[in-house]
Amino acid sequence: MRASKEVKSEKLRVKSGNLKHKTQNLKLIEIHVSGAEGLYPLSEIQRVVRKYIERAISHPKGRPDKIIFSIEDIKEKPKEIQSLPVRTVHSETLSEAKDIAIRLLKASGVSEKAIHAALKLIKKGGLRGASVISAEKAERLEPDRQRGVRVSRLGIDAAAFRFLSSGLSKHGINTDTVKEALILASKVISYKDIIAELCISDDPDYTTGYIASKEFGYIRIPDIKLKGSKTGGRAFFVKEGVAVGKCISYLERKPIMINKVSPCKGTVSIDEIINSPYK
Ligand code: WAQ
Ligand code: MG
């Protein structure tokens, strides 16, 4: 599902050297409101479509004026994977949260240059999908830079879903947002050449982001953005020299089903995470 709306863009052009001469240029641009995807048995489709419509029309980014659905019968048997283990890192301020994200990504093998490139892109926002960034040289590799890469064809089987819901409930975080993000991150990190992911929501009210990596699993980071900000995004950090086409095809087209769930823990300190990587 893809929901969008048209808004007027106010482009203020300032003539160089003369601040009084501002020209206004109003045009309609389409902005992304929300998106969702999943792999479901046929018997679930109607319920899920209703849920997605409800989500799109009551989205905090505003009411969309276009919702597009695409439903496909997937013939390939999904590859089964285990979800990443979940932890929440203790952090209290925006700058602490950013430092933690940087520290965890560095410890996962991502260069400072690549981390800063990702943070800058996410701060700018506007992508419907994720950016693919090489973990060393910080090169952007996705062919469509307007759209980014949209991870799709991912799901969780009924037993694993129940198990995950009960694990997350113990820590008061059993929400669709957390479950969907964890399923996505687990698919992303299951690809051999992806080292880590950084995610910050574009929902103005949702201020918890995460990093996910082969090294640490799924680490939730509270207060990684200011309340009210509509910008967010995702970056996938890949090994240098990765076969980009294969990687993107895995993310967009390979059916993946979570059939096993790793432990869900509560809030822990950054040092505890650094000292107890998951592998
Ligand atoms: N594939 C690739 N990128 C995506 C996808 C997708 N399927 N869905 C969203 N994105 C990108 C896109 O650029 C969005 O602007 C950005 O991610 C944020 O998407 O455990 O809600 O759906 O509490 O706003 C994190 C949960 C929630 C943390 C993330 O992301 C937690 C969230 P949103
Ligand atoms: Mg969103």
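See the structure printed just above.
Residues numbered from 1 in each chain as written. Chains lettered and ligands numbered in written order. Predicted model: local features only at pLDDT ≥ 70, side-chain atom pairs only at ≥ 80, totals over all residues. Heavy atoms only, no water.

1. Quick word on empty space enclosed by the protein
In step 1: In total, this model carries 2 cavities of 30 Å³ or more according to the counting rule given.
In step 2: Estimated volume of the largest cavity: approximately 50 Å³.
In step 3: If you trace the largest cavity, you find it lined by L121, I122, G125, L127, S131, G232, G233 and R234.
In step 4: Sorting the residues of the lining of the largest cavity by element identifies helix 3 (112-124) and strand 11 (233-238) as the ones contributing at least two each.
In step 5: A class-by-class count of the residues in the lining of the largest cavity yields 3 nonpolar, 4 polar and 1 charged. (1 Å grid on protein atoms, 1.4 Å probe; cavity = no way out; pocket = protein on both sides within 12 Å on 5 of 7 lines; lining within 4 Å. Points joined across faces, edges and corners; volume = space filled by probe spheres on them. Helix = DSSP H or I, 4+ residues; strand = E, 2+ residues; numbered from the N terminus. Nonpolar A, V, L, I, M, F, W, Y, C, P; charged D, E, K, R; others polar.)

2. Considerations on the packing of aromatic side chains
In step 1: One pass over the full model with this rule turns up 2 aromatic pairs.
In step 2: Ring centres 4.8 Å apart and planes at 45° place the aromatic pair Y191 and Y250 in the tilted group. Here Y191, found in the loop between helix 5 (176-190) and strand 8 (194-200), pairs with Y250, found in helix 6 (residues 244-253); they are 59 residues apart in sequence, far enough to count as distant. Accessibility classification places Y191 together with Y250 in one group, the buried group.
In step 3: Ring geometry for Y210 versus Y218: centroids 4.5 Å apart, planes at 35°, classification tilted.
In step 4: Overall, Y210 belongs to the buried group, its relative accessible area being 3%. (Phe/Tyr/Trp six-rings, centres within 6.5 Å; stacked < 30°, edge-to-face > 60°. Buried < 20%, exposed > 50% of the residue type's maximum accessible area, 1.4 Å probe, protein only.)

3. Structural notes on the site of ligand 1
In step 1: Around ligand 1, the structure places 24 residues, and the nearest of them are G129, V151, D202, Y206 and Y218.
In step 2: A distance of 2.8 Å separates a nitrogen atom of ligand 1 from a polar atom in the backbone of V151.
In step 3: The side chain of S201 places a nitrogen or oxygen atom 3.0 Å from an oxygen atom of ligand 1.
In step 4: Within the complex, 92% of the 700 Å² of free accessible area of ligand 1 lies under protein.
In step 5: Of all elements in the fold, only helix 5, strand 8, strand 10 (217-221) and strand 11 reach the threshold of two or more residues within the shell around ligand 1.
In step 6: Top element by residues in the shell around ligand 1 is helix 5. It accounts for 4 residues.
In step 7: For the shell around ligand 1, the residue count by class is 12 nonpolar, 5 polar and 7 charged. (Near = heavy atom within 4 Å. Polar contact = N/O pair within 3.5 Å; in protein donor to acceptor, adjacent residues only side chain to side chain. Areas by Shrake-Rupley, 256 points an atom, 1.4 Å probe, with all protein chains shown as cover.)

4. Brief notes about the side chain of R150
In step 1: Relative to the assigned elements, R150 resides in the loop between strand 6 (130-134) and strand 7 (154-156).
In step 2: Reaching out from R150, the side chain makes a polar contact with the backbone oxygen of G35 at a distance of 3.5 Å.
In step 3: The contact partners of R150, leaving out residues within four places of it in the chain, are H32, G35, A36, E37, R128, G129, L251 and E252. (Contact = heavy atoms within 4.5 Å.)

5. Overview of helix 3
In step 1: Here helix 3 contains 13 residues, and its C-alpha end-to-end distance of 18 Å stays within 8% of the 18 Å for a straight helix at 1.5 Å per residue.
In step 2: Taken residue by residue, helix 3 has A114, I115, A118, L119, L121 and I122 as its buried positions. All buried residues of helix 3 lie within an arc of 165° about the axis, which places them on one face of the element. Of the exposed residues in helix 3, those oriented more than 90 degrees away from the buried face are K113, K120, K123 and K124.
In step 3: Where the residues of helix 3 are buried, they touch helix 2 (94-108), strand 6, strand 8 and strand 11. (Expected span 1.5 Å × (residues − 1). Arc of directions from axis to C-beta.)

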